Amino acid sequence: QAQLVESGGGSVQAGGSLRLSCAASGGTRSSNCMGWFRQAPGKERERVAAIDTGGSGNTYYKESVKGRFTISQDRAENTVYLQMNSLKPEDTAMYYCAAGRAPFQMAAACKYRDWGQGTQVTVSS
């Protein structure tokens with residue numbers, strides 16, 4: 001089981017940027033994909049982005065964040081990042097990273113098993 005620790009959340013004004021980090025340790029060998037999710041108060045958790053961490057670089061993005069968010073990884077550091085630009089108030093949520101397994105290096109098909117504790121992102125208008 002992998003241990004995941006998120007960081008980088010905070011409060012920004014609309015149009016600003018944040019970079020979230022997710023440091024993985026422990027049982028990472030059994031995972032080949034990682035993703036970012038978010039959950040706003042009163043709303044269901046939604047997947048924001050995912051990446052195949054096995055080397056293909058295959059990624060997935062929720063439609064509403066395409067062109068604004070970028071998921072990337074530092075394999076040497078076992079860390080996945082979410083660069084968020086042009087932030088909007090509707091991006092306000094608790095952001096979680098997760099790790100799992102995906103078939104055929106397809107990030108969109110990742111089945112998540114391990115979760116972090118989350119980091120809060122607040123975007124003011």
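Residues numbered from 1 in each chain as written. Predicted model: local features only at pLDDT ≥ 70, side-chain atom pairs only at ≥ 80, totals over all residues. Heavy atoms only, no water.

## Digging into the packing of aromatic side chains
Next, step 1: Summed over all chains, the structure comprises three aromatic pairs.
Next, step 2: With a centroid separation of 4.9 Å and 90° between ring planes, the pair formed by F37 and Y112 is classed as edge-to-face. Here Y112 lies in strand β10 (residues 111-115) and F37 lies in strand β4 (residues 33-39), a separation of 75 residues in the sequence.
Next, step 3: Residue class for Y112 comes out buried when judged on its relative accessible area of 18%.
Next, step 4: Joined through ring pairs, the aromatic side chains of F37, Y112 and W115 make up one cluster. (Phe/Tyr/Trp six-rings, centres within 6.5 Å; stacked < 30°, edge-to-face > 60°. Helix = DSSP H or I, 4+ residues; strand = E, 2+ residues; numbered from the N terminus. Buried < 20%, exposed > 50% of the residue type's maximum accessible area, 1.4 Å probe, protein only.)

## Thoughts on the state of the cysteines
Next, step 1: Counted according to the given criterion, the structure contains two disulfides.
Next, step 2: Disulfide pairing is shown between C22 and C97; the S-S distance is 2.0 Å. The chirality of the disulfide connecting C22 with C97 is right-handed, given an S-S dihedral of about 50°. In this pair, C22 is assigned in strand β3 (residues 18-26) and C97 in strand β9 (residues 93-101), connecting sequence segments 75 residues apart. Just as C22 is buried, C97 falls in that class too.
Next, step 3: Residue C33 pairs covalently with C110 via a disulfide, S to S 1.9 Å. Judged by the torsion about the S-S bond (75°), the C33/C110 disulfide is right-handed. Placement of C33 in strand β4 and of C110 in the loop between β9 and β10 is noted, with a sequence separation of 77 residues between them.
Next, step 4: With relative accessibility at 0%, the residue C33 sits in the buried group.
Next, step 5: With a relative accessible area of 6%, C110 lands in the buried category. (Disulfide = S-S within 2.5 Å.)

Such coordinate-based values are descriptive only and should not be taken to indicate function.
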